[in-house]
Amino acid sequence: MSRSINYTSSPLLASKTPVWRSKFIVACLALAFAGLAGRAAYVQVFGNEFFQRQGEVRFARTLELPANRGKVLDRNGLILASSVVAQSIWAIPEDVEKNDPKLRELARLLEMPLAELRKRLADEDRTFVWIKRQVDEPVARQIAALGIKGIHQRREYKRQYPEGEAAAHVVGFTNVEDRGQEGVELAFNQQLAGKNGSRRVIKDRLGRVVEDVRDVVPPVDGPDLQLSIDSKVQFFAYQKLKDAVHTHKARAGSVIVVDTVTGEVLALANYPSYNPNRRQNLTGEQLRNRVLTDSFEPGSTMKPFIATLALEKGLVRPETPINTAPGRITIGGSTISDTHPHDVLTVAEVIQKSSNVGTVKMAMQMSPREMWEIYAQAGFGQKPQVPFPGAVSGRLRPYKSWRPIEQATMSYGYGLSTSLFQLAHAYTVFARDGELIPLTLMRSEVPATGVRVFSEKNAIAVRQMLAMATGPGGTAPKAQTMGYSVGGKTGTARKQEGKGYAERKYRSFFVGLAPVEKPRIVVAVMVDEPNNGTYYGGLVAAPVFSETVQQTLRILGVQPDMNVKPQIVTEVVEESF
Amino acid sequence: MLLLAVLASAFYLVHTQYESRRLYTAIDRAQAQARKLESEHEQLQVQKRAQATPARVQQLATRQLEMRPVTPGITQYVNLPEAPAAVPAAGGPR
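Everything quoted here is computed from the prediction, not taken from an experiment. (Residues numbered from 1 in each chain as written. Chains lettered and ligands numbered in written order. Predicted model: local features only at pLDDT ≥ 70, side-chain atom pairs only at ≥ 80, totals over all residues.)

### Description of the overall build of chain B
Looking only at helices and strands, chain B has two helices and zero strands in total. Scored against the burial criterion, the 94 residues of chain B give a buried share of 3%. (Helix = DSSP H or I, 4+ residues; strand = E, 2+ residues; numbered from the N terminus. Buried ≥ 20, exposed ≤ 12 C-beta atoms within 10 Å, placed from the backbone.)

Here it is, written out as structure tokens:
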């Protein structure tokens, strides 16, 4: 049997294939490889930068590393202000299902009317809408659990003020962007804020960070700020002031407590105040830090400076008699009178009983320049050296423009203005035996060094007069406090209104120090427009001083320098015959 | 032979790269956790302080415990037995 097909010479294979075909294929392949090589070269070498950039755009992200705002602490390290994490709720209106029943629940959690929530979500063109900022963490967690589509959260910081209204004016507050708006928060905003850091990272498809592209710029947290304020003293001072303002139906009040060793401000409080954690419907009245921003005529509280100057000039001695009868004196056609006329008083008694006539008689023996110099040296008319927003310098006119009557009225505190802060500052002269010390709101360990204004002997002599003013026969026996000797001066000034003085509108002050022998604190109290019958500084402001001194010295651990009459009273049985 | 070595090395490189990224993610997560705990700690500190402010303490003391503010008038002086003086010594308040 023979095959009809010869394998070695298949007719199919026998077809004549042209050589160029195979060559063509080889050439095509070579070309393709060349193309690939070219492309590779392009990607790797020539277009490298472009592709790297594109890759980065897709996977590299710059993450902001927010710096923590520094805490504000009191002198014992207790927190006055601190930042905590709070979630802010935002939405993409287009993504939110408008009839989702969960929206009602969301509105309830946010304490927001449902209609208001719907209104915010109404504008579908916007891609980002804040629903509510700085929601507390537990609420935020519940909202996250609801899982509403289109509602998102963003981590932010919220400032918390545990001390509340007592320290509100000193500490101030920040706005929703964590920037200082008032008080220390504003004054030290730059320092507290710190510096944000950043890092450039590569994220994978799932959004996880897989690599740092370049070195991390670490955030620099704002350093903590330690104030001189003692939160206990602050609270007590605020509370006593608040009580006094309520009792006397006054408009407002302020108090400041100064440590005379270091010059630190231990407490600085104003009433009315506000809660910095809830700042809706705040008024200017509440916000004002009156101790620093309000200036007023200091009234009789200036008299001790005149008395000391008179002693310094050798015009008088503490026991020199001055005739103040009949309680009136006429200068340049105007009459100055005492509220309670006296006869012959010694210099010490002039201060003790706060006689205008006696003070004017001393002042008129001085030149205006001498008076001006002493006032200026005590810090009146000069901006206080505290980094606080809105601190006023008061007003002390140049002595060349003083008329005789003005010189007379200025000796008992009319015709010039000062803030309570300046007044307390000036009184450190008496507490520090004639030295004026700088005050500070920052904690300081070192004793303050002062500038000598009066001689030691005369400052101590006037301090004794201040002690007499709080004793029997003085203007402020109510300033006395149990266990500690005190000294101070009352002031009651009529308020200016327009061009003249208002009828029956007063400011009552008391500025004093304690204990008298070795003063540790200076306390100044001001009550604005007491309106409940009494308005004398000795009746309105002095009790606040008394209670504040009592609490402060005890908190500072100062040993009582006076014997205390025990209050433990036992039932007394009447003796029988 | 060399080719095999190159291949092995290349695979090992890929593996290491993967491992390093995995670990990096882990460290990043741990750091985030640390930050979160830190902020929680901060929050608790503030809450603790808010519970212990003088205002609150005083309110609780007067309302619930019926305490009243001390005055030096109710100080009790103790005389040390060594010096039984008739005059109350300036001893520490009790």
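### Things to note about the overall build of chain A
When its secondary structure is counted, chain A shows 20 helices and 19 strands. Compactness check: chain A gives a C-alpha radius of gyration of 39 Å against a globular reference of 25 Å for 577 residues, more than 25% above the reference. Counting every position in chain A, which comprises 577 residues, the buried fraction comes to 43%. In chain A, of all internal contacts separated by at least 6 residues, the share reaching a separation of at least 24 is 71%. (Rg over C-alpha atoms; globule rule 2.2 N^0.38 Å. Contact = placed C-beta atoms within 7 Å.)

### Observations regarding the confidence of the model for chain B
Residue and element names in this part refer to chain B. Summarising the model, chain B shows a mean pLDDT of 81, and 80% of its residues fall at 70 or more. Across residues 84-94 the pLDDT falls below 50, and counting only partners more than four positions away or on other chains, this stretch makes 12 contacts in the model. The complex prediction reports pTM at 0.81, with the ipTM value standing at 0.70. (pLDDT = per-residue confidence, 0-100.)

### A few points about unusual backbone geometry
Residue and element names in this part refer to chain A. For the bond running from Ala-325 to Pro-326, omega is 0°, close enough to zero to count as cis. Residue position: Pro-326 is located in the loop between strand S11 (321-323) and strand S12 (328-331). In this chain, Ala-514 is followed by Pro-515 through a cis amide linkage whose omega measures -20°. For Gln-134, which is not glycine, the phi dihedral falls at a positive 55°. By secondary structure assignment, the location of Gln-134 is in strand S4 (residues 129-135). On the basis of neighbour count, Gln-134 is assigned to the partly exposed category, with 17 C-beta atoms found within 10 Å.

### Section: the sheet that holds strand S17 (residues 487-497) of chain A
Residue and element names in this part refer to chain A. Reading across from one edge, S10-S9-S19-S18-S17 is the order of the five strands in this open sheet, with antiparallel pairing throughout. Looking along the sheet, the strands with just one partner apiece sit at the ends: strand S10 (265-271) and S17. Recorded for the sheet is a direction-independent mean angle of 10° between the axes of neighbouring strands. Across the sheet, helix H20 (residues 542-556) is in contact with strand S9 (252-259), S10, S17, strand S18 (500-514) and strand S19 (521-528); its angle to S19 comes to roughly 145°. (Pairing = 2+ DSSP bridges. Axes fitted to C-alpha atoms, helices over the stretch in contact; angles between N-to-C directions.)

### Re the domain arrangement of chain A
When the parts of a complex come together, some accessible area is lost, and that lost area is often used as the size of the interface. All names here are of chain A. Partitioning chain A into structural domains gives domain 1 (64-226) and domain 2 (231-556). For domain 1 versus domain 2, the separation of C-alpha centres amounts to 45 Å. If you look at the interface, domain 1 gives 21 residues, while domain 2 gives 20 residues. No other element matches helix H6 (residues 168-171), which puts four residues into the side of domain 1 that touches domain 2. (Domains from an automatic or database assignment.)

### Comments concerning the pairing of S19(A)
Residue and element names in this part refer to chain A. Extensive coverage of S19 is indicated by the burial of eight of its eight residues. In S19, alternate side chains face the same way, and those of Ile-521, Val-523, Val-525 and Val-527 on one face and Val-522, Ala-524, Met-526 and Asp-528 on the other are all buried. Relative to S19, S9 runs antiparallel, the two being bridged by eight bridges. The residue bridging Val-258 from the neighbouring strand is Val-522, located in S19. Of the pairings in the sheet, the one linking S18 to S19 comprises eight bridges and is antiparallel in character. Residue pairing across strands places Gly-512 opposite Val-523, the latter belonging to S19.

### Comments concerning the packing of helix H14 (residues 356-363) of chain A against helix H16 (residues 404-411) of chain A
Residues and elements named next belong to chain A. The geometry of H14 relative to H16 is characterised by a closest axis approach of 8 Å and an angle of 125° between their N-to-C directions. By the angle between their directions, the pair H14 and H16 is classed as oblique. Every pair of crossing elements has a handedness; the one defined by H14 and H16 is right-handed. Here Thr-359, Val-360 and Ala-363 of H14 come into contact with H16, specifically with Gln-407, Ala-408 and Ser-411. Its residues placed into classes, the contact of H14 with H16 shows three nonpolar, three polar and no charged. (Parallel < 35°, antiparallel > 145°, perpendicular 65-115°, else oblique. Left-handed = near helix turned anticlockwise from the far one by under 90°. Nonpolar A, V, L, I, M, F, W, Y, C, P; charged D, E, K, R; others polar.)

### Observations concerning the nonpolar core
All names here are of chain A. Of all hydrophobic cores here, the largest spans 127 residues; its most connected members are Ile-256, Tyr-427, Ala-524 and Val-525. The leading source of residues in this core is helix H17 (residues 420-431), at nine residues. Counting residues domain by domain, this core receives three or more from each of domain 1 (64-226) and domain 2 (231-556). What Ile-256 contacts, discounting residues up to four positions off in sequence, is Val-265, Ala-267, Leu-268, Val-291, Leu-420, Phe-421, Ala-424 and Ala-524. Judged by nonpolar contacts, the second largest core, of 14 residues, contains Leu-106, Leu-121, Ala-140 and Ile-143. (Core = buried A, V, L, I, M, F, W, Y, C linked by C-beta atoms within 7 Å.)

### Considerations on the pairing of S10(A)
Residue and element names in this part refer to chain A. Taking burial as the measure, the seven residues of S10 include seven buried ones, the bulk of the element. In this structure, S9 lies alongside S10, joined through six bridges in antiparallel fashion. Bridge assignment links Val-255 to a residue of S10, and that residue is Ala-269.

### Looking at the sheet that holds strand S1 (residues 60-65) of chain A
Residue and element names in this part refer to chain A. With antiparallel pairing, three strands are arranged side by side in an open sheet as S1-S6-S7. Of all the strands in the sheet, just S1 and strand S7 (209-212) have a single pairing partner and so form its edges. With direction set aside, neighbouring strand axes in the sheet form an average angle of 45°. Note that S1 and strand S6 (residues 197-203) share six bridges and pair antiparallel.

### Let's talk about the environment of A:Ile331
Residue and element names in this part refer to chain A. Structurally, Ile-331 is set in strand S12. Among the residues examined, Ile-331 registers 16 C-beta atoms within 10 Å and is labelled partly exposed. Taking C-alpha positions, Ile-331 is 40 Å from Pro-272, a pair spaced 59 residues apart along the chain. Non-local contacts of Ile-331, meaning those with residues more than four positions away in its chain, are made with Ile-336, Pro-404, Ile-405 and Ala-408.

### Describing the packing of helix H3 (residues 102-109) of chain A against helix H5 (residues 137-146) of chain A
Residues and elements named next belong to chain A. One can describe the packing of H3 onto H5 by two numbers: an axis separation of 10 Å at closest approach and a directional angle of 175°. Our classification of the angle between H3 and H5 gives roughly antiparallel. In contact with Lys-102, Glu-105, Leu-106 and Leu-109 of H3, H5 contributes Val-139, Gln-142, Ile-143 and Leu-146. Looking at the contact of H3 with H5 residue by residue, the class counts come to five nonpolar, one polar and two charged.

### Some words on helix H12 (residues 303-312) of chain A
Residues and elements named next belong to chain A. Where burial is concerned, most of H12 is hidden: nine out of the 10 residues are buried. Within H12, burial applies to Lys-303, Pro-304, Phe-305, Ile-306, Ala-307, Thr-308, Leu-309, Ala-310 and Leu-311. Just downstream of H12 lies Gly-314, where phi reads positive at about 75°.

### Some points on the environment of A:Glu56
Structurally, A:Glu56 is set in helix H2 (residues 48-59). A C-alpha to C-alpha distance of 9.4 Å links A:Glu56 and A:Val201, two positions 145 residues apart in sequence.

### Comments concerning the environment of A:Arg75
Residues and elements named next belong to chain A. Tracing the chain through its elements places Arg-75 in the loop between strand S2 (72-73) and strand S3 (79-91). Judged by C-beta crowding, with 20 C-beta atoms within 10 Å, Arg-75 ranks as buried. The residues contacting Arg-75, other than those within four sequence positions of it, are Gln-226, Leu-227, Ser-228, Ile-229, Asp-230 and Arg-443.

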